[in-house]
Number of protein chains: 2
Amino acid sequence: MLPGVGVFGTGSTARVLVPLLRGEGFEVRALWGRSEEEARSLAQELGIPFHTSQSDDVLLHPDVDLVCIYISPPLTRQIAVKALGIGKNVVCEKAATAVDAFKMVTAARYYPQLLSIVGNALRFLPAFVAMRQLLAEGYVGELQVCDARVYGPSLLDQSYGWTCEELMGGGGLHTVGSTLVDLLSHLTGARAIRVHGLLRTFVRQNGAIRGIRRVTSDDFCFFQMLMGGSGSGRGTGSGVCCTVTLNFNMPGAFVHEVMVVGSAGRLVARGTELYGQRNGGNGEELLLGDSGGTGQEVKDVPLPHLRGLGSMVKALKDAFQAQEERRSWARGPVAMASTFEDGLYVQTVVEAVKRSSHSGEWESVEVMTQEPDPNQNL
Amino acid sequence: MLPGVGVFGTGSTARVLVPLLRGEGFEVRALWGRSEEEARSLAQELGIPFHTSQSDDVLLHPDVDLVCIYISPPLTRQIAVKALGIGKNVVCEKAATAVDAFKMVTAARYYPQLLSIVGNALRFLPAFVAMRQLLAEGYVGELQVCDARVYGPSLLDQSYGWTCEELMGGGGLHTVGSTLVDLLSHLTGARAIRVHGLLRTFVRQNGAIRGIRRVTSDDFCFFQMLMGGSGSGRGTGSGVCCTVTLNFNMPGAFVHEVMVVGSAGRLVARGTELYGQRNGGNGEELLLGDSGGTGQEVKDVPLPHLRGLGSMVKALKDAFQAQEERRSWARGPVAMASTFEDGLYVQTVVEAVKRSSHSGEWESVEVMTQEPDPNQNL
């Protein structure tokens, strides 16, 4: 039985998520927006019966059993933790800081019967599902190098807001880099042990952000991750070097490419398509084309994310539909999802890359095991 | 009047160079090989009237006024310096170390009337000539980021030799990375002030290199350069970030891509073709196709190098042909060539990247101004 859904957020992802949910048979019961006006406007547009700017109104809504949180990073932790406390299943965008991510992990551990996943849809994109499978089957031999690059137009909103602020989770590293950190760990079965990176903000002001306001979030970032042993025990990625290049000063382009190179061949996902080449083979082969699928390309939601979101919503349907209780779910269909623990790891890597960009040195990735004492500065 | 040419080397570059020289009207008078047998074999194949394994026999050859040195890095310095001392013009591959490069600079300064250029043919490739011109004209606006990547099959020779040895100038960084360091400095008009890099040798042994022998040279290399002010006064590249990714574990592929991104647009050279896109424009435009030109694609000589070599030989012809003396030359046609000073800079960057890979830290690029005391360890 499919649960009723409450959606947090009125941005572009929330806007594409609602039709995807409905396409799989979910009822979207309630919408939360930062302001009453934003909530009303999108609820009317999408025909959602209830809207509010009070988060409790959605969380306590009796018809809402699954909460999808696609809002700015500084707000996710608070709503996700509260939703779990109220007993709702949660799909949630990344947090703003590792401390917030840790609090989400604590809540998720406390309610293990509730679904709590980070909404990194790239893991569900068929090209990456196939890439992971082929890696496990040894298509590339011993994995050596992963190289990911995303180029695109500015990530800044039309008006000044969190996207401009590094400390609020804005910038290419936090917004896009984090999805790649998660994906590369998922693909290789290994985690970064040391990272090195460089962040830049080339565009500090534009037509919309001017005067005393300045952008502090990065629009260019590259980082390297040295991968260590796996948490999951499945990993063959120990010793692998990952490089990630992000550039959001390239209007008109959208390049999303992830390449894995090993001793026997390589795999490359370009956009939503997967290509492979075995050493000694006859050049590159198309392993998986874009199947089209639901959803049109939408401004601000790149195709790999859109397609992945579609597959993730399908997986959610599979997890819920055979269940009698509308809050219970099967683990199998969402087993590949990013957990809150993964979210904490990703956030830890992001912060280590930022530290490295300041220090100029390789920084260790040490995942928090205890919440820092909030009184440490007293 | 075109000078007679003596060619050092029997490798793939020497093999394609000879027909290119002849195509422009140069007479190739003498060939040097490491062994008598290698020299004889290639001289017979190419119909070169004189061959030897004694370097003096070429350098002192009365019909040789231009010496082209395409041999392994540890031998270049000795022959280049001697050639200049004997009064011959020199086109020379890179040296093995910064100390060697410094000795070459000293010799070049001592004989300013002689031609002394480093044979980095990429500078002459029409795509890069056009890219440099467009950068100067402001096509990309304010330059922000350069991103170069070269992927290809193994650089190792069939048998154990200098290509396997880091200290002898083997490896992707020294062999290919150095040409990109030179090119990026030429394109941006700026020089690296700090670098950070990571080198790896994934393939330590193969069918030909086994037993107690191991490859020490890198087959994967990733480095970043932060560019500072220009030596030439022309530079707009101060503050630019350059990233270079080299991977030579990709048999069957050859990817050679150099992208420059600025505030108003971008330029990308893919192989020998140049593409551009202005922000707000209608997508990418082909700015310069591959004109074909002389020379076929040859194993081990990637097309951008081959085409560049063809253009460089044309420039050499233009420099020499209007002169009455067969040793005199006009500076204009070869003004864009890499000088021995540039070669020293490049070698300094290469060594700083290697240092960084060991230390894990950003390393400063400090070009030698004095030869290190050879007795410093006594």
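Residues numbered from 1 in each chain as written. Chains lettered and ligands numbered in written order. Predicted model: local features only at pLDDT ≥ 70, side-chain atom pairs only at ≥ 80, totals over all residues. Heavy atoms only, no water.

## What about the overall build of chain A?
The secondary structure content of chain A amounts to 9 helices and 16 strands. What you see for chain A is a C-alpha radius of gyration of 20 Å, in line with the 21 Å of a compact globule of 378 residues. Counting only C-alpha atoms, chain A reaches 60 × 55 × 45 Å along its principal axes. Considering only residue pairs separated by 6 or more positions, chain A has 67% of its internal contacts joining residues 24 or more positions apart. (Helix = DSSP H or I, 4+ residues; strand = E, 2+ residues; numbered from the N terminus. Rg over C-alpha atoms; globule rule 2.2 N^0.38 Å. Contact = heavy atoms within 4.5 Å.)

## Topic: the packing of aromatic side chains
Throughout the structure, instances matching the rule amount to 9 aromatic pairs over all chains. Here the aromatic rings of Y110 of chain A and Y111 of chain A are separated by 5.2 Å at their centres, their planes lie at 75°, and the arrangement is edge-to-face. Relative to F222 of chain B, the ring of F222 of chain A lies with its centre 6.3 Å away and its plane at 80°, an arrangement referred to as edge-to-face. Residue F222 of chain A is found in strand β9 (residues 220-227), and its partner F222 of chain B is found in strand β9 (residues 220-227); the two belong to separate chains. Accessibility classification places F222 of chain A together with F222 of chain B in one group, the buried group. (Phe/Tyr/Trp six-rings, centres within 6.5 Å; stacked < 30°, edge-to-face > 60°. Buried < 20%, exposed > 50% of the residue type's maximum accessible area, 1.4 Å probe, protein only.)

## Regarding the environment of V349 of chain A
Residues and elements named next belong to chain A. As for its position among the elements, V349 is in helix α9 (residues 340-359). Under the relative-accessibility criterion, V349 is labelled buried at 0%. Between the C-alpha atoms of V349 and R191, which are 158 residues apart in sequence, the distance is 9.3 Å. Leaving out residues up to four positions away in the same chain, V349 has contacts with V181, A192, V195, M225 and V365.

## Here's the deal with the environment of R278 of chain A
Residues and elements named next belong to chain A. Relative to the elements of secondary structure, R278 occurs in strand β13 (residues 273-278). A relative accessible area of 44% places R278 in the partly exposed class. Between the alpha carbons of R278 and L198 there is a distance of 33 Å; along the sequence they are 80 residues apart. Beyond its immediate sequence surroundings of up to four residues, R278 is in contact with Y139, A264 and G265.

## Regarding the pattern of salt bridges
Enumeration over the complete set of coordinates arrives at 41 salt bridges over all chains. The salt bridge partner of E341 of chain A is R109 of chain A, with a shortest N-O separation of 2.9 Å. With a gap of 232 residues between them, E341 of chain A in helix α9 and R109 of chain A in helix α5 (residues 98-110) connect regions that are remote in the sequence. With its nearest N and O atoms 3.3 Å apart, the salt bridge here joins E363 of chain B to R355 of chain B. Residue R355 of chain B is classed as partly exposed on the basis of its relative accessible area of 40%. One connected set of salt bridges, linked through shared partners, spans R123, D182, R191 and D342 of chain A. (Salt bridge = Lys/Arg side-chain N within 4 Å of Asp/Glu carboxyl O.)

## Considerations on the sheet that holds strand β11 (residues 255-262) of chain A
All names here are of chain A. Read from one edge to the other, the open sheet built from 9 strands follows the order β14-β13-β12-β11-β7-β10-β9-β8-β16, with strand pairing classed as mixed. Unpaired on one side and paired on the other, β14 (285-288) and β16 (363-364) mark the two borders of the sheet. This element, helix α6 (residues 126-136), spans β7 (143-151), β11, β12 (265-270), β13 and β14 of the sheet and lies at about 170° to β12. (Pairing = 2+ DSSP bridges. Axes fitted to C-alpha atoms, helices over the stretch in contact; angles between N-to-C directions.)

## Comments concerning the interface of chain A and chain B
Listed as interface residues are 31 residues of chain A and, on the opposing side, 32 residues of chain B. Our count for the chain A to chain B interface comes out at 2 salt bridges. Residue R149 of chain A is joined to D147 of chain B by a salt bridge in which the shortest nitrogen-to-oxygen separation is 3.4 Å. On inspection of chain A and its partner chain B, the count reaches 13 residue pairs in polar contact (both at pLDDT 80 or more). Elements that contribute at least two residues to the side of chain A that touches chain B include exactly β7, β8 (192-200), β9, β10 (241-247) and β11 of chain A. A total of 5 residues in the side of chain A that touches chain B trace back to one element, the largest contributor, which is β7 of chain A. (Polar contact = N/O pair within 3.5 Å; in protein donor to acceptor, adjacent residues only side chain to side chain.)

## Topic: the confidence of the model for chain A
All names here are of chain A. With 94% of its residues at a pLDDT of at least 70, chain A reaches an overall mean of 90. With pLDDT under 50 throughout, residues 231-235 is counted as low confidence; its partners more than four residues away or in other chains account for 10 contacts. Predicted complex, confidence summary: ipTM 0.85, pTM 0.90. (pLDDT = per-residue confidence, 0-100.)

## Describing the sheet that holds strand β8 (residues 192-200) of chain B
Residues and elements named next belong to chain B. In spatial order, the strands read β14-β13-β12-β11-β7-β10-β9-β8-β16; together these 9 strands make up an open sheet with mixed pairing. Edge positions in the open sheet fall to β14 (285-288) and β16 (363-364), since each of these has one partner strand only. One ladder, built from 8 bridges, connects β8 with β9; its direction is antiparallel. Bridge pairing in β9 places R194 opposite L226. Helix α7 (residues 172-188) rests against β7 (143-151), β8, β9, β10 (241-247) and β11 (255-262) of the sheet, and its axis sits at about 25° to β9. Helix α9 (residues 340-359) rests against β8, β9 and β16 of the sheet, and its axis sits at about 55° to β8.

## Details of the domain arrangement of chain A
Often, the extent of an interface is quoted as the loss of accessible area upon association of its parts. All names here are of chain A. Taken domain by domain, chain A consists of domain 1 (4-122 + 302-349) and domain 2 (125-288). Put simply, the middle of domain 1 and the middle of domain 2, counted by C-alpha atoms, are 23 Å apart. Domain 1 puts 24 residues into the contact, and the matching count from domain 2 is 26 residues. Interface area for domain 1 against domain 2, summed over the two sides, is near 2100 Å², with a carbon-plus-sulfur share of 67%. (Domains from an automatic or database assignment. Buried area = accessible area lost by both parts, 1.4 Å probe.)

## Focus: α7 of chain B
All names here are of chain B. In this model α7 runs 22 Å from its N-terminal to its C-terminal C-alpha over 17 residues, within 8% of the 24 Å that 1.5 Å per residue would give. When the local axis directions of α7 are compared, the greatest deviation, roughly 35°, occurs at S178. G189 lies just past α7 and shows a positive phi near 70°. (Expected span 1.5 Å × (residues − 1). Bend = angle between axes of the 7 residues up to and from the residue.)

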